[in-house]
Amino acid sequence: MHEFEVREEIALDATPEEVWEAIATGPGVDSWFMGRNRIEQAEGGTLTHEVMGQTSTATVTGWEPGRRFAYESDKNPDGTFMAFEYLIEGREGGSTVLRMVHNGFLGDDWEAQYEALKKGDGHYLKKLAAYLRHFPGRTSRFSFLVPGPRVPDHARLWDGFRSALGVTGELTPGTRVRIAVDGVAPADGVIVSTDYPTIPSVCTGDSLYTFMCGYRDTVVVEQHCFADGVDGDAARDAWAAWAARAYA
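The rules behind the values
- Residues numbered from 1 in each chain as written.
- Predicted model: local features only at pLDDT ≥ 70, side-chain atom pairs only at ≥ 80, totals over all residues.
- Heavy atoms only, no water.
- UniProt positions renumbered as here; feature names shortened; annotations may be inferred.
- Pairing = 2+ DSSP bridges.
- Helix = DSSP H or I, 4+ residues; strand = E, 2+ residues; numbered from the N terminus.
- Axes fitted to C-alpha atoms, helices over the stretch in contact; angles between N-to-C directions.
- Contact = heavy atoms within 4.5 Å.
- Salt bridge = Lys/Arg side-chain N within 4 Å of Asp/Glu carboxyl O.
- Buried < 20%, exposed > 50% of the residue type's maximum accessible area, 1.4 Å probe, protein only.
- Parallel < 35°, antiparallel > 145°, perpendicular 65-115°, else oblique.
- Left-handed = near helix turned anticlockwise from the far one by under 90°.
- Nonpolar A, V, L, I, M, F, W, Y, C, P; charged D, E, K, R; others polar.

Quoted verbatim from the Sequence similarities (unreviewed entry) heading of the UniProt record, the comment on the protein chain is "Belongs to the AHA1 family."

Draft legend 1. Just the sheet that holds strand S6 (residues 81-90), in detail. Here 7 strands make up an open sheet; going across it, the order is S1-S7-S6-S5-S4-S3-S2 and the pairing antiparallel. Each end of this open sheet is capped by a strand with a single partner; those strands are strand S1 (2-12) and strand S2 (36-39). Going across the sheet, the axis of each strand differs from the next one's by a mean of 20 degrees, ignoring polarity. Pairing between S1 and strand S7 (residues 96-106): 11 bridges, direction antiparallel. Within the sheet, the bridge partner assigned to Leu-12 lies in S7 and is Thr-96. The strands touched by helix H1 (residues 16-24) within the sheet are S1, S2, strand S4 (54-64), strand S5 (68-73), S6 and S7, with S6 carrying the most contacts at an inclination of about 165 degrees. Seen against the sheet, helix H3 (residues 110-134) touches S1, S6 and S7 and runs at an angle of roughly 20 degrees to S1.

Draft legend 2. Local environment of the pattern of salt bridges. Per the stated rule, a full pass over the model turns up 17 salt bridges. Of the charged contacts in the structure, one is a salt bridge between Glu-5 and Arg-7, with a shortest N-O distance of 2.9 Å. The class for Glu-5 is partly exposed, based on a relative accessible area of 38%. The class for Arg-7 is exposed, based on a relative accessible area of 58%. Between Glu-89 and Arg-99 there is a salt bridge, with the nearest N and O atoms lying 2.7 Å from each other. Taken as a pair, Glu-89 in strand S6 and Arg-99 in strand S7 lie far apart in primary sequence, 10 residues in all. Judged by relative accessible area, Glu-89 falls into the partly exposed class, the value being 33%.

Draft legend 3. Region of the structure containing the sheet that holds strand S8 (residues 142-150). The 6 strands are arranged S8-S13-S12-S11-S10-S9 in an open sheet whose pairing can be described as antiparallel. Two strands in the sheet have a free side with no partner beyond their single neighbour: S8 and strand S9 (176-179). On average, adjacent strands in this sheet sit at an angle of 25 degrees to one another, irrespective of strand direction. Here S9 runs beside strand S10 (residues 187-195); their pairing, made up of 4 bridges, is antiparallel. When the sheet's bridge partners are listed, Arg-178 is paired in S10 with Asp-188. The sheet strands contacting H3 are S8, S10, strand S11 (199-204), strand S12 (207-213) and strand S13 (218-225), and the helix crosses S12 at an angle near 165 degrees. Contacts between helix H4 (residues 154-165) and the sheet are confined to S9, S11, S12 and S13, with S12 contributing the most and set at about 160 degrees to the helix.

Draft legend 4. The arrangement of the packing of H4 against helix H5 (residues 232-246) in detail. Running from N to C, H4 and H5 cross one another at 135 degrees; their axes reach a closest spacing of 11 Å. As summarised for this structure, H4 and H5 are arranged oblique, according to the angle between their axes. Seen from above, H4 lies across H5 with right-handed handedness. Here Arg-156, Gly-160, Phe-161 and Ala-164 of H4 lie close against H5, whose contacting residues are Trp-239, Trp-242 and Ala-246. Partitioned by chemical class, the residues of the contact of H4 with H5 number 5 nonpolar, 1 polar and 1 charged.

Next comes the structure, spelled out in C-alpha cells:
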C-alpha cells in the first residue's frame, strides 16, 4: 500500500449555504460529481456512490453544516481506502473559499492512480464552480459518465473534442461552441475551463459537459442535464457512439 494526500483550494461565487448543499447532499453532488450519490445527513451516516455499475460506500466522519463535511470509504480487502474533508469559509460579498483534503492508501498501481487523482480533484472542483455559477439553485435531472477508447495521442484527442464542439481554433475559457453530435440536440455554449491536453468543460443553457482524457488515456464524456423532458439514456448512447466513431 502507498499513502497519498492531495490538497486543493478554490474560491467560489456562492454562499457557504449554497456550497454546503452542493457538496453534502445527494442531489447537489449529482449535479457536478460523477455517478449517483446518496448521503445520510449526520455524522456516522452512510454515503453511497454508484458509477458505471459499481457501488461503493463510505461513512460520514464530519458533519458541521455550512462549515465542515468529511467522509471515509470502507476499506478494500487489500486495506486501501480514500477519505475526503471539505472545509467551508465564508467571505465578504457572499462568496466562499472551499478547501479539500483527499487522502488514504492506494494499491499496486498507485503511481498512475495518484497522477489521475491529482488531475481529477482539481478538475472536479472547477466543475463545482461552474455548476454554482451557471446553474444556481438547480439540480441535475440526469447525469452520466461515458468511457470511450484509449487515446494516448493527445493531439488526436483534442481534435475530436474540437470537432464535437464545432471549434476549429483553440479551446480556451470563453470560447463559444456549438455542440453538434448525431443523436444530441444542437446547443450553443461556452467553454468554462480547460486543461490541455486532458479536459475542456462546457456550459450550455441546460447542461454542464466535460470531455476528458481520463485514467490511462481513456476518453470520457460527462453530462449533467438540468432540463426536464430530455431522454438521458438516448443522450448517453449518442455520446458513446460519438466516442467510438471519433476515435475508431
